[in-house]
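Take a look at the letters that make up each chain.
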Amino acid sequence: MKNLRIAINGTGVAGPALAWWLKQYGLTPILFERAPALRTGGYIIDFWGVGYDIAERMGILGELQRKGYLIESLQLVDRRGQSVAILKTAALRSLLGNRFLSIARSDLAAILYRACDNVDTRFGTSITNVTEVSDGVLATLSNGREEKFDLVIGADGLHSEIRSLIFGPQEDCEQSLGAYVAAFTLSGYPVRNELTYMTHAVPKKMVARCSLRDDETLFMFTFHSDLVPELPQNNDEAKALLRAVFRDMEWEVPSILFRLDEAEDFYFDRVSQIHLDSWSQGRVALIGDAAGCVSLLAGEGTGLAIAEAYALAGELQAATGDYRLAFQNYEQKLKPFIKQKQKSALKMLPFFAPKNTYQLFLSRLVIRASSIPILSKFLMKDLLKDDIDLPDYSMIPVPRTQIE
Ligand SMILES: Cc1cc2nc3c(=O)[nH]c(=O)nc-3n(C[C@H](O)[C@H](O)[C@H](O)COP(=O)(O)OP(=O)(O)OC[C@H]3O[C@@H](n4cnc5c(N)ncnc54)[C@H](O)[C@@H]3O)c2cc1C
């Protein structure tokens, strides 16, 4: 097979995972990343399922376990900090055969990236335009240069630039789920509950806290979009919005907000899904959140991004570089599965931003019930089960005539 040069825009989770698998098949990935270096800090993610299995095949599971956390419980507290519901994760963990961990998204991304072993990476540079020519794609770079590749892959997340270039504006494919999320870490926060995800919710708002290593604490705020009069344009405006929306909330919220300006790696965005009719056009394809963001509600976006990377690289190898066939097979294998995940994720919205006291009450009930093994199986099966069986591409023989 011809040694394809494949540009990947975005060095988050999907990008490095794809680069790793392409390298296994002797192809040449080139990573682009808008940020000047790998992003640090940020939010913590749960990691299990098909992505976990692929990470094991990549030989990075040990490192993920070392950097990760085995969260033991999720605890809902009232405005005085009194526990109102506890979910012991043991029941869910056993449903998943103990193949479940939580890890900072940035640690997962860094582990994937390091595994790629000196892959050609252009930090501080994005692909800003793509023009298909007879034997490749001409990419215009943010530094003004032009470079030709065989294929270009958009792995640049929810607000993908590559997707906008080939499929038009984001609003045409974005389904806003009516909520916003902010996440950040603080150093030396005085209250700690090890291996416990603490949450306090009132109608339309939820705050969560999770103690991390090295005296760091992660905070996540989620809230209904009807509490947002005007969309913030930058982090300062987003912080001001957070202060205004959560002003009346009790528990530890006033002391967290008091320290908001010290927040490291402040993240703010709307909670959305991406629904596209197609994941590719010509020599350009999408993976990860760029293709089919499931949103934080699914709690599995990273694993799904890794699965997409695995399948896309595998299909390119199986089709011996026939990118049209590979893109078609990749999409056929993954899209119905991602659609199903998007659908089941929507059921989690009342937990992240309960609309009213009734939903708040229900989410407490679900949390309590999910600790009971038989009930957890019933309540969580749609969200947790990964009904997909991806091929072992290393076992697929490459036709001899096409190798030469
Ligand atoms: C608060 C929150 C909690 C979440 N919790 C979970 C969870 O528990 N479990 C889980 O599995 N998933 C979770 N997710 C979802 C998960 O983070 C995403 O699904 C996953 O990161 C998608 O990976 P990606 O590589 O497609 O995109 P990203 O991880 O977003 O990476 C995209 C990369 O592209 C770069 N980029 C963006 N634009 C450009 C450009 N124009 N040019 C070049 N580079 C660019 C970005 O800087 C970034 O490095 C959560 C998400 C949020 C917001």
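Please refer to the structure higher up on the page.
Residues numbered from 1 in each chain as written. Predicted model: local features only at pLDDT ≥ 70, side-chain atom pairs only at ≥ 80, totals over all residues. Heavy atoms only, no water.

Turning our attention to empty space enclosed by the protein. For the coordinates displayed, the defined rule picks out 2 cavities of 30 Å³ or more. A volume near 50 Å³ is recorded for the largest cavity. Lining the largest cavity are I274, H275, L276, W279, A291, G292, K335, I338, K339 and Q342. Sorting the residues of the lining of the largest cavity by element identifies α9 (289–292) and α11 (323–345) as the ones contributing at least two each. Considering every element that reaches the lining of the largest cavity, the biggest residue donor is α11, with 4 residues. Residue classes in the lining of the largest cavity are distributed as 5 nonpolar, 3 polar and 2 charged. What the second largest cavity holds in volume is close to 40 Å³. Looking at the second largest cavity, the residues that line it are G288, D289, G292, C293, V294, G301, L304, A305, E308 and I338. If you list the elements that add at least two residues to the lining of the second largest cavity, you get α9 and α10 (301–318). (1 Å grid on protein atoms, 1.4 Å probe; cavity = no way out; pocket = protein on both sides within 12 Å on 5 of 7 lines; lining within 4 Å. Points joined across faces, edges and corners; volume = space filled by probe spheres on them. Helix = DSSP H or I, 4+ residues; strand = E, 2+ residues; numbered from the N terminus. Nonpolar A, V, L, I, M, F, W, Y, C, P; charged D, E, K, R; others polar.)

For the rest of this paragraph, the subject is the site of the ligand. A14, E33, D46, D289 and T302 are the nearest of the 29 residues found near the ligand. Between D46 and the ligand, the recorded distance is 2.7 Å, taken from a backbone N or O atom to an oxygen atom. Take S126: an N or O atom from its side chain is 2.9 Å from a nitrogen atom of the ligand. Protein contacts shield 93% of the accessible area of the ligand, which totals 1000 Å² for the unbound molecule. For the shell around the ligand, the secondary structure elements donating two or more residues are β3 (44–48) and α10. Class assignment for the residues of the shell around the ligand results in 9 nonpolar, 11 polar and 9 charged. (Near = heavy atom within 4 Å. Polar contact = N/O pair within 3.5 Å; in protein donor to acceptor, adjacent residues only side chain to side chain. Areas by Shrake-Rupley, 256 points an atom, 1.4 Å probe, with all protein chains shown as cover.)

Here we take up the packing of aromatic side chains. This model, assessed by the stated rule, comprises 20 aromatic pairs. Between W21 and Y310 the ring centres are 4.7 Å apart and the planes differ by 80°, which places this aromatic pair in the edge-to-face class. You can see W21 sitting in helix α1 (residues 14–24) and its partner Y310 sitting in helix α10, a full 289 residues away along the chain. Note on W21: relative accessible area 8%, which makes it buried. A residue is classified by how much of its surface remains accessible, and Y310, at 1% relative accessible area, is buried. Consider the rings of F221 and F246, whose centres lie 4.8 Å apart with planes at 80°: the pair is edge-to-face. Of the two residues, F221 is situated in strand β15 (residues 216–224) and F246 in the loop between α7 (235–245) and α8 (253–258); the sequence distance between them amounts to 25 residues. This pair shows no difference in class: F221 is buried, exactly as F246 is. Three or more aromatic residues joined by ring pairs form one cluster here, namely Y180, F184, Y189, F219, F221, F223, F246, F266 and F268. (Phe/Tyr/Trp six-rings, centres within 6.5 Å; stacked < 30°, edge-to-face > 60°. Buried < 20%, exposed > 50% of the residue type's maximum accessible area, 1.4 Å probe, protein only.)

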